[in-house]
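Report on the structure
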Amino acid sequence: MPADRIIVITNQGGIALNYYSGDDYHAVNQHMLDVFCAADVAITDVYHCPYHPDAPNRYTCWKDWRKPAPGMLLAAAKEHRLDLSCSLLVGDKESDMQAAAAAGITRRFFIGEKPPSGAIACRSLARVAAFCTRTLTNS
């Protein structure tokens, strides 16, 4: 099993609230994948949750996927045979950290100034990468 898989987990409640369409989301997602690919960064998979608690009932089936619930993380772990106890999560919202904790991910990086309990504050993805590289080199 490769150790360098990158999986994007994202709430997209704007779909349920009709702020944008599923097609709009997929177009932006494809652009993101293209930008990463051009930078030689391979995204293994993307999971998104279109559910929002204030949305029409047709999205309630996605309720267990919306962060802070761990559904997307657990689905990714099952599909990609991930050991979440050896994984890390980078997020910018407390709900990201809560979902990671609920899924058993202990290495949680918070992009921002005031990390929730149990998370490490980093100002950018580059800082997360530098932190992880130092940690692996010093092990």
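Report follows, based on the coordinates.

On to the overall build of the chain, then. In terms of regular secondary structure, the chain is built from 5 helices and 5 strands. Going from the N terminus to the C terminus, the chain shows its helices and strands as β-α-α-β-α-β-α-β-β-α. In terms of overall dimensions, the chain is globule-like: its C-alpha atoms have a radius of gyration of 16 Å, near the 14 Å expected for 139 residues. Taking the principal axes of the C-alpha coordinates as reference, the chain spans close to 50 × 35 × 30 Å. Restricting to contacts in the chain with at least 6 residues of sequence separation, those with at least 24 account for 44%. A total accessible area of about 8,800 Å² is found for the chain, and carbon and sulfur atoms account for 55% of it. One finds the centroid of the 14 positive side-chain charges in the chain at a distance of 7 Å from the centroid of its 14 negative side-chain charges.

With that out of the way, let us pick up the packing of aromatic side chains. Under the defined criterion, the tally for this structure stands at 2 aromatic pairs. Plain terms: the ring middles of Tyr47 and Trp65 are 5.8 Å apart, the flat faces sit at 50° to each other, and that makes the pair tilted. Within this pair, whereas Tyr47 is found in strand E2 (residues 45-49), its partner Trp65 is found in the loop between E2 and helix H3 (71-80), the two being separated by 18 residues in sequence. When its relative accessible area of 6% is taken as the criterion, Tyr47 is described as buried. On the basis of relative accessible area, Trp65 is assigned to the partly exposed category, the value being 24%. Consider the rings of Phe109 and Phe131, whose centres lie 5.3 Å apart with planes at 70°: the pair is edge-to-face. Of this pair, Phe109 sits in strand E4 (residues 107-111) while Phe131 sits in helix H5 (residues 125-137), placing them 22 residues apart in sequence.

This brings us to the environment of Arg81. With respect to the element layout, Arg81 can be found in the loop between H3 and strand E3 (88-91). Put simply, Arg81 and Asn18 are 63 residues apart on the chain and 34 Å apart in space, counted from C-alpha to C-alpha.

This paragraph deals with the side chain of Asp96. Among the structural elements, Asp96 can be located in helix H4 (residues 94-103). If we skip the residues at most four places from it in the chain, Asp96 touches Lys67, Leu89 and Gly91.

Right, let's get into unusual backbone geometry. In this chain, Lys67 is followed by Pro68 through a cis amide linkage whose omega measures 25°. Topologically, Pro68 is positioned in the loop between E2 and H3. The phi dihedral of Asn18 falls on the positive side, at around 60°, and the residue is not glycine. Position of Asn18 among the secondary structure elements: in the loop between helix H1 (13-16) and helix H2 (22-38). For Asn18, a relative accessible area of 56% puts it in the exposed group. One non-glycine residue, Arg81, lies in positive phi territory at about 50°. Judged by relative accessible area, which is 61%, Arg81 ranks as exposed.

The rules behind these values
Residues numbered from 1 in each chain as written. Predicted model: local features only at pLDDT ≥ 70, side-chain atom pairs only at ≥ 80, totals over all residues. Heavy atoms only, no water. Helix = DSSP H or I, 4+ residues; strand = E, 2+ residues; numbered from the N terminus. Rg over C-alpha atoms; globule rule 2.2 N^0.38 Å. Contact = heavy atoms within 4.5 Å. Areas by Shrake-Rupley, 256 points an atom, 1.4 Å probe, with all protein chains shown as cover. Lys, Arg positive; Asp, Glu negative; His and termini not counted. Charge placed at Lys NZ, Arg CZ, Asp CG, Glu CD. Phe/Tyr/Trp six-rings, centres within 6.5 Å; stacked < 30°, edge-to-face > 60°. Buried < 20%, exposed > 50% of the residue type's maximum accessible area, 1.4 Å probe, protein only.

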